[in-house]
Amino acid sequence: MDRIDKHNYYLDICETILERGTCIRRNFGAIIVKNDEIISSGYSGAPRGRKNCSDLGYCRREELKVERGTRYELCRSVHAEQNAIISARRQDMIGATLYLVGKEMTNGELVKNASPCSLCKRFVINAGIARVIIRDTNKDFRIIDVQEWIDNDDSLKGDGSY
């Protein structure tokens, strides 16, 4: 029997977590792992107590045909990475790994070239997370060394996966 590798194990968990997301555009699931222990998890959705796009039945960014990666101030959601970071203690995140998976809600496919937005990159850096692992296909993933974001400020632009 073939045993699943750890990265895909954690990415599979992210894929389950994203199913709780409430965005009608694309949903993400994130977990923070340190020493083979899940520290916290997060998915995309409106702040506690506010209505979600799925409750309202519309996405303001979608209505305005806002280009991916821009005008986040119009988005009701707190991103999955942010929710995972908010739910963890910084001392537990130092040197940890953040796993991230995104799914397009229109067709159920994984988000192509997913990457944290510029704000989420700053959250990741400040949290002390050492690397980010992002699922690209069902079993393929990218490993990003967060130090590269620190060394190259231009990388903080993000590609705008949300």
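Residues numbered from 1 in each chain as written. Predicted model: local features only at pLDDT ≥ 70, side-chain atom pairs only at ≥ 80, totals over all residues. Heavy atoms only, no water.

- An unreviewed UniProt entry annotates the protein chain as Cytidine and deoxycytidylate deaminase zinc-binding region of Clostridium colicanis DSM 13634.
- Quoted verbatim from the Sequence similarities (unreviewed entry) heading of the UniProt record, the comment on the protein chain is "Belongs to the cytidine and deoxycytidylate deaminase family."
- As its UniProt record puts it under Cofactor (unreviewed entry), the protein chain is described as follows: "Zn(2+)". (UniProt positions renumbered as here; feature names shortened; annotations may be inferred.)

1. Concerning the packing of aromatic side chains
No. 1: Under the defined criterion, the tally for this structure stands at 2 aromatic pairs.
No. 2: Here Tyr-10 and Tyr-99 contribute two aromatic rings whose centre-to-centre distance is 5.1 Å and whose plane-to-plane angle is 40°, an arrangement assigned as tilted. Within this pair, whereas Tyr-10 is found in helix α1 (residues 6–17), its partner Tyr-99 is found in strand β3 (residues 97–104), the two being separated by 89 residues in sequence.
No. 3: Taking relative accessible area as the criterion, Tyr-99 reaches 3% and is therefore assigned buried.
No. 4: What links up through ring pairs into an aromatic cluster is the set Tyr-9, Tyr-10 and Tyr-99. (Phe/Tyr/Trp six-rings, centres within 6.5 Å; stacked < 30°, edge-to-face > 60°. Helix = DSSP H or I, 4+ residues; strand = E, 2+ residues; numbered from the N terminus. Buried < 20%, exposed > 50% of the residue type's maximum accessible area, 1.4 Å probe, protein only.)

2. Describing helix α6 (residues 118–127)
No. 1: By the burial criterion, the buried members of α6 are Cys-120, Lys-121, Val-124 and Ala-127. Axial view of α6: buried residues confined to an arc of 130°, hence all on one face.
No. 2: Where the residues of α6 are buried, they touch α4 (80–86), α5 (90–93), β3, β4 (131–135) and α7 (146–151).
No. 3: Gly-128 sits one or two residues past α6 and shows a positive phi near 85°. (Arc of directions from axis to C-beta. Contact = heavy atoms within 4.5 Å.)

3. Here's the deal with unusual backbone geometry
No. 1: We note that Asp-36 has phi near 60°; this positive angle belongs to a residue other than glycine.
No. 2: Positionally, Asp-36 belongs in the loop between β1 (26–34) and β2 (37–43).
No. 3: On the accessibility criterion, Asp-36 (44% relative accessible area) is partly exposed.
No. 4: Phi at Asn-113 takes a positive value of approximately 55°, unusual for a residue other than glycine.
No. 5: Within the element layout of this structure, Asn-113 appears in the loop between β3 and α6.
No. 6: For Asn-113, a relative accessible area of 57% puts it in the exposed group.

4. Re the pattern of salt bridges
Two side chains with opposite charge may pair up if their charged atoms get near one another.
No. 1: Using the criterion set out here, one finds 11 salt bridges in the structure.
No. 2: Ionic pairing is found between Arg-25 and Glu-62, a salt bridge with its closest N-O pair at 3.2 Å. Of this pair, Arg-25 sits in the loop between α1 and β1 while Glu-62 sits in helix α3 (residues 60–63), placing them 37 residues apart in sequence.
No. 3: Overall, Glu-62 belongs to the partly exposed group, its relative accessible area being 43%.
No. 4: Glu-104 is the partner of Arg-26 in a salt bridge, and the nearest nitrogen-oxygen pair spans 3.3 Å. Of this pair, Arg-26 sits in strand β1 while Glu-104 sits in strand β3, placing them 78 residues apart in sequence. There is no split in this pair, since Arg-26 and Glu-104 are both buried.
No. 5: The network of salt bridges with common partners includes Asp-12, Glu-15 and Arg-135. (Salt bridge = Lys/Arg side-chain N within 4 Å of Asp/Glu carboxyl O.)

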